[in-house]
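Reading the structure
Take a look at the letters that make up each chain.
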2 protein chains.
Amino acid sequence: MNLNITLLPGDGIGPEVLAQAVKCLRAVEETFNHNFSYIEASIGAVAMDQTGSPLPEETLEICKASDAILFGTIGTLKYDDNPYAKVRPEQGLLQLRKELNLFSSIRPVKIFPTLLEKSPLKKEIILGTDFVIYRELTGGIYFGEKKLSADGTVASDLCEYSEKEISRITHLAFKAAKNRMQKLTVVDKANVLETSRLWRRVVSKIGESYPEVALEFLLADNAAMQIMLNPKQFDVILTDNLFGDILSDQSSAICGSKGLLPSASIGNDYAMFEPFHGSFTQAKGKNIANPIASILSAVMLLNHFGLNEEAQAIIVAVDKALRKNISTKDINPSSTYGTSQVGDFISQNIIDSE
Amino acid sequence: MNLNITLLPGDGIGPEVLAQAVKCLRAVEETFNHNFSYIEASIGAVAMDQTGSPLPEETLEICKASDAILFGTIGTLKYDDNPYAKVRPEQGLLQLRKELNLFSSIRPVKIFPTLLEKSPLKKEIILGTDFVIYRELTGGIYFGEKKLSADGTVASDLCEYSEKEISRITHLAFKAAKNRMQKLTVVDKANVLETSRLWRRVVSKIGESYPEVALEFLLADNAAMQIMLNPKQFDVILTDNLFGDILSDQSSAICGSKGLLPSASIGNDYAMFEPFHGSFTQAKGKNIANPIASILSAVMLLNHFGLNEEAQAIIVAVDKALRKNISTKDINPSSTYGTSQVGDFISQNIIDSE
Ligand SMILES: [Mg+2]
Ligand SMILES: [Mg+2]
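Residues numbered from 1 in each chain as written. Chains lettered and ligands numbered in written order. Predicted model: local features only at pLDDT ≥ 70, side-chain atom pairs only at ≥ 80, totals over all residues. Heavy atoms only, no water.

1. Some remarks on the overall build of chain A
Rules: Each helix is a run of DSSP H or I of at least 4 residues and each strand a run of E of at least 2, with the numbering of both proceeding from the N terminus. The reference for a compact globule is 2.2 Å times residues^0.38; the radius of gyration itself is calculated from the C-alpha atoms. Buried residues are those whose accessible area, probed at 1.4 Å on protein chains only, stays under 20% of the maximum for their type, while exposed residues exceed 50% and partly exposed ones sit between those limits. In what follows, residue pairs with any heavy atoms lying within 4.5 Å of each other are defined as contacts. Surface accessibility in these figures is a Shrake-Rupley result with a 1.4 Å probe; residues are shielded only by whichever protein chains are displayed. For the charge count, each Lys or Arg is scored as positive and each Asp or Glu as negative, with His and the chain ends excluded. Every charge is mapped to an atom, namely NZ of Lys, CZ of Arg, CG of Asp or CD of Glu.
Of the regular secondary structure elements, chain A holds 13 helices and twelve strands. Taking 354 residues into account, the globule formula puts the C-alpha radius of gyration at 20 Å, and chain A, at 20 Å, falls close to it. The principal-axis extents of the C-alpha atoms in chain A amount to approximately 55 × 50 × 40 Å. Residues classed as buried in chain A amount to 61% of the 354 residues present. For chain A, restricting intrachain contacts to residue pairs at least 6 apart in sequence, the fraction spanning at least 24 positions comes to 76%. In the form shown here, chain A has an accessible surface area of approximately 14300 Å², with 49% of it arising from carbon and sulfur atoms. For chain A, the centre of its 35 positive side-chain charges and the centre of its 43 negative side-chain charges are spaced 4 Å apart.

2. Focus on the coordination of the magnesium ion (ligand 1)
Selection rule: Here the term donor refers to an N, O or S atom within 2.8 Å of the metal (or 3.2 Å for Na, K and Ca), and because water is left out of the atoms, sites may appear incomplete.
The coordination sphere of the magnesium ion (ligand 1) contains the protein donors A:Asp245 (OD) and B:Asp221 (OD), at a distance range of 2.1 to 2.2 Å. Placement of the pair is A:Asp245 in helix α10 (residues 241–254) and B:Asp221 in helix α9 (residues 220–229), with the two residues belonging to separate chains.

3. Concerning the interface of chain A and chain B
The cut-off we apply is this: Put simply, buried area is the surface a 1.4 Å probe can reach on two separate parts but cannot reach once they are joined, added for both. By salt bridge we mean one thing: a side-chain nitrogen of Lys or Arg within 4 Å of a carboxyl oxygen of Asp or Glu. Gly counts as polar in this scheme, as do all residues outside two lists: the nonpolar Ala, Val, Leu, Ile, Met, Phe, Trp, Tyr, Cys and Pro, and the charged Asp, Glu, Lys and Arg. A pair of strands is treated as paired once DSSP finds two or more bridges between them.
Taken together, the contacts link 51 residues of chain A with 51 residues of chain B. Of the roughly 4300 Å² buried between chain A and chain B, counting both surfaces, carbon and sulfur atoms make up 69%. Connecting chain A to chain B are two salt bridges. Between B:Asp245 and A:Lys189 there is a salt bridge whose closest N-O contact spans 2.6 Å. When contributions to the side of chain A that touches chain B are tallied by element, the ones reaching two or more residues are β6 (146–148), β7 (154–162), α8 (194–207), α9 (220–229) and α10 of chain A. Across the side of chain A that touches chain B, the residue classes break down as 25 nonpolar, ten polar and 16 charged. Two elements, β7(A) and strand β7 (residues 154–162) of chain B, share nine bridges in a ladder whose sense is antiparallel. Bridge assignment links A:Asp157 to a residue of β7(B), and that residue is B:Cys159.

4. What about the sheet that holds strand β4 (residues 104–110) of chain A?
Within a sheet, neighbouring strands are paired by backbone hydrogen bonds and run either parallel or antiparallel to one another. Residues and elements named next belong to chain A. Short version of the rule: Where helices are involved, their axes are fitted lines through C-alpha atoms of the stretch in contact, as for all axes, and angles between N-to-C directions lie from 0 to 180°.
Spatial strand order, β2-β1-β3-β12-β11-β4-β5-β10-β8-β9: ten strands in an open sheet with mixed pairing. Among the strands making up the open sheet, the edge pair consists of β2 (35–40) and β9 (214–219). Taking each pair of neighbouring strands and ignoring which way they run, the sheet shows an average axis angle of 25°. Pairing of strand β1 (residues 2–10) with β2 involves six bridges; the strand directions are parallel. Its bridge partner lying in β2, Thr6 is registered against Ile39.

5. Describing the relation of the copies chain A and chain B
The line we're drawing: Superposing the copies works by least squares over the C-alpha atoms of residues that have pLDDT at least 70 in both of them.
Least-squares fitting of chain A to chain B yields an RMSD of 0.0 Å, with the superposition described by an axial translation of 0.0 Å and a rotation of 180°. The superposition operator between the copies reduces to a two-fold rotation axis. The residues that chain A uses at the interface reappear at the interface of chain B in 100% of cases, marking a shared surface.

6. With respect to the sheet that holds strand β1 (residues 2–10) of chain B
All names here are of chain B. One open sheet holds the ten strands; their spatial order is β2-β1-β3-β12-β11-β4-β5-β10-β8-β9, and the pairing between them is mixed. A single partner strand is all that each edge strand has here, and the edge strands are β2 (35–40) and β9 (214–219). Averaged over all pairs of adjacent strands, the angle between their axes in this sheet comes to 25°, without regard to strand direction. Pairing of strand β8 (residues 183–188) with strand β10 (residues 236–239) involves four bridges; the strand directions are parallel. By the bridge assignment for β10, Thr185 is matched with Ile237. In the packing of helix α8 (residues 194–207) onto the sheet, the strands contacted are β5 (130–136), β8, β9 and β10, and the crossing angle to β9 comes to about 175°. Lying over the sheet, helix α11 (residues 292–304) contacts β1, β2, β3 (68–73), β4 (104–110), β11 (262–266) and β12 (271–275), oriented at roughly 155° with respect to β12.

7. Things to note about the nonpolar core
Nonpolar side chains in soluble globular proteins generally cluster together in the buried interior. Put simply, the rule reads: Buried Ala, Val, Leu, Ile, Met, Phe, Trp, Tyr and Cys residues that are joined via side-chain atoms within 4.5 Å together make up what is termed a nonpolar core.
Of all hydrophobic cores here, the largest spans 196 residues; its most connected members are A:Leu70, A:Ile346, B:Leu70, B:Ile314 and B:Ile346. Every residue in contact with A:Leu70, bar those within four places of it in the chain, is listed here: A:Ile5, A:Thr6, A:Leu7, A:Leu8, A:Leu18, A:Ala21, A:Leu25, A:Phe273, A:Ser297, A:Ala298 and A:Leu301.

8. Focus on helix α12 (residues 308–323) of chain A
Residues and elements named next belong to chain A. Rules: One less than the residue count of a helix, multiplied by 1.5 Å, gives the span that helix is expected to have.
In a regular helix each residue adds 1.5 Å, so 16 residues correspond to 22 Å; α12 covers 22 Å between its end C-alpha atoms and thus fits that length. Those residues of α12 lying buried are Glu310, Ala311, Ala313, Ile314, Ala317, Val318, Asp319, Ala321 and Leu322. For α12, the secondary structure elements touched by its buried residues are α1 (14–32), α11 (292–304) and α13 (339–348). Asn325 lies just past α12 and shows a positive phi near 60°.

9. Some thoughts on the packing of aromatic side chains
Residue and element names in this part refer to chain A. Our working rule: Note on aromatic contacts: the rings of Phe and Tyr and the six-membered ring of Trp form a pair at centre separations within 6.5 Å, being stacked when their planes are under 30 degrees apart, edge-to-face when over 60 apart, and tilted otherwise.
Scanning the model with the defined rule gives six aromatic pairs over all chains in all. Seen in terms of ring centroids, Phe174 and Tyr210 are 4.8 Å apart; in terms of plane orientation they differ by 5°. Their pairing is stacked. Here Tyr210 lies in the loop between α8 and β9 and Phe174 lies in helix α7 (residues 163–178), a separation of 36 residues in the sequence. With relative accessibility at 7%, the residue Tyr210 sits in the buried group.

10. Let's talk about the domain arrangement of chain A
Residues and elements named next belong to chain A. Cut-off, in case you're wondering: Domain delimitation in this document rests on an assignment produced automatically or drawn from a domain database. Polar contact is the term for a pair of N or O atoms within 3.5 Å; when the atoms are in protein, one must be able to donate a hydrogen and the other to accept it, and sequence-neighboring residues count only if both atoms are side-chain atoms.
Split by domain assignment, chain A resolves into domain 1 (1–100 + 270–354) and domain 2 (112–255). Facing ten residues of domain 1, the contacting portion of domain 2 comprises eight residues. Summed over both sides, the interface between domain 1 and domain 2 buries roughly 760 Å², with carbon and sulfur atoms accounting for 75% of that surface. Of all residues in domain 1, Phe276, Leu322 and Ile331 give up the largest surface area on contact with domain 2, accounting jointly for 48% of the area buried on that side. Inspection of the domain 1/domain 2 interface yields two residue pairs in polar contact (both at pLDDT 80 or more). With five residues, the top contributor of residues to the side of domain 1 that touches domain 2 is α12.

11. Some thoughts on the pattern of salt bridges
Side chains that carry opposite charge are capable of pairing whenever their charged atoms lie near each other. Residue and element names in this part refer to chain A. Per the stated rule, a full pass over the model turns up 34 salt bridges over all chains. We note a salt bridge from Arg180 to Asp130, for which the minimum N-O separation is 3.3 Å. Here Asp130 lies in strand β5 (residues 130–136) and Arg180 lies in the loop between α7 and β8 (183–188), a separation of 50 residues in the sequence. One salt-bridge network, in which partners are shared between bridges, spans Lys110, Asp130, Arg180 and Asp235.

Encoded structure:
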């Protein structure tokens, strides 16, 4: 397969962890006879220093011309210390998501067997957990009309959803469930919210076209309990922007370490893949950042294009590294392996099992 | 102290668990020389069968004339099986909260040492956890204007808060923190919501009158992570209706069993105490329901009136019962103790330690 991949290293540890993901993609190209081309563009604080904008026009054009985007991390201490800065690095990412209409955030929740002890949950609770959250990313209360009364004593936020906004992500979630364990759990508060009731109607109607997928509805408060009590019951969770924000962060805590989780932002035309963690500026350039979340974001990229064997080959290599304790200090405090050594090991162990 | 307490047994296991809580209150009266009087009134399905209304006028009058309300549970299978019934037992409870203006839900999260193994979290994570959630109960998005477009394709819910709604619960939360570990954590999404920003301003201003309380703000998604990763960092959590709904249910999962958690609904003029669990109709009259949540709701009642030694005496007796394995089958599957035997033991072991 030929793929044009835009690389957006961004700030902090972004460039060094992204470089390890690219090592793995190059190994996949070689092992499985693909031809990926890479073009790098700037975003975030580094772009602001170069051009004044956190999302230069050139970067946007490059992204639009590519098949997929592999993103590093964004933000620097310089701007973190100044919450009132008018232009902030993170705006580059928000603006990019908006320009590319990336309406769905995808967050897989699965823990490597070697890392079970990192979870705050007991082993018997977490063992076998493997689900993915589809969170609507561009609608709902975060984007609705905000008001503050003239005297400043009454504030409001409007949560609004249209059938169109719901149906496009619902199709993505049903398709994912169809290719996984055929179960879709919609999380809402339909007992009290009109938007939730619209979600239920739209999802139920669309569900008729996916008869092989078992559809269930779960109230958000109960979902937050169930994620702690019995996370292995879930396959695909579909939910709105606010509930998805809370539940996907809660779910990532299941895995104990943030350094291991990837995420994707998907639209109808574009797709972007990135680690869940932040830019960890203090570690920049020190060769200590854990590259696994970034490497797993490349795995999501491969899965997105149906390259599932290739994706699995990387996962097997990551698992091998973890079993051999070839990991950064956040996983194994006595480790002498740095970011690039971990990337080297994983990329060198990507083999075609056929 | 003289107290007039209204008893609302309600449906399902409500009457039998409430009876054990009353046994404990009577033991407290005797041991500590108080004089509580009890008057029983009907609510829920049982009231509907008797009067047609889930909250008879007489019940409301009795509640308004008392110092506190001790509530059982509400709901029966008959109505659970018919989600379209126009009048439902649960409406009795919602209407009562509204009539009495109970704007604050209080949910303590603490686990008995003997029950640590019931938690899905690892022992070292949960050990020492002791916090309480103050959830705003009568405002926010659950009560805001709901709209559905004429063609049914666009729905909305309005989240609105006034300074007055925020400030009355904020004072309750600060007072609680002052009497506990002097830490108040406000949970919101101030990075995206106008209502959250109003909460921050109002709480910050009120905080100036409670200089002994350390005030911190936490985004709701991060809070959901932190409750799993490090629940012992919290003392008092204050939050709005929606976030409180999700986080208090998530927090109750920390304790593993729902049969052990009490809650309170407090206003400026009235206070009601109840177990967190539901009416568990299948167990009704079988003497198998766990009475501890109901007994602990009586503990919250005593604390509410400053009877802290008395409250502690019940907790010590509950702890003794658990240590001696005098508990119902949900806690100890091989137990031969029923609801009333557990209530007898606990009430007979309430002693004045002075
Ligand atoms: Mg979040
Ligand atoms: Mg709830």
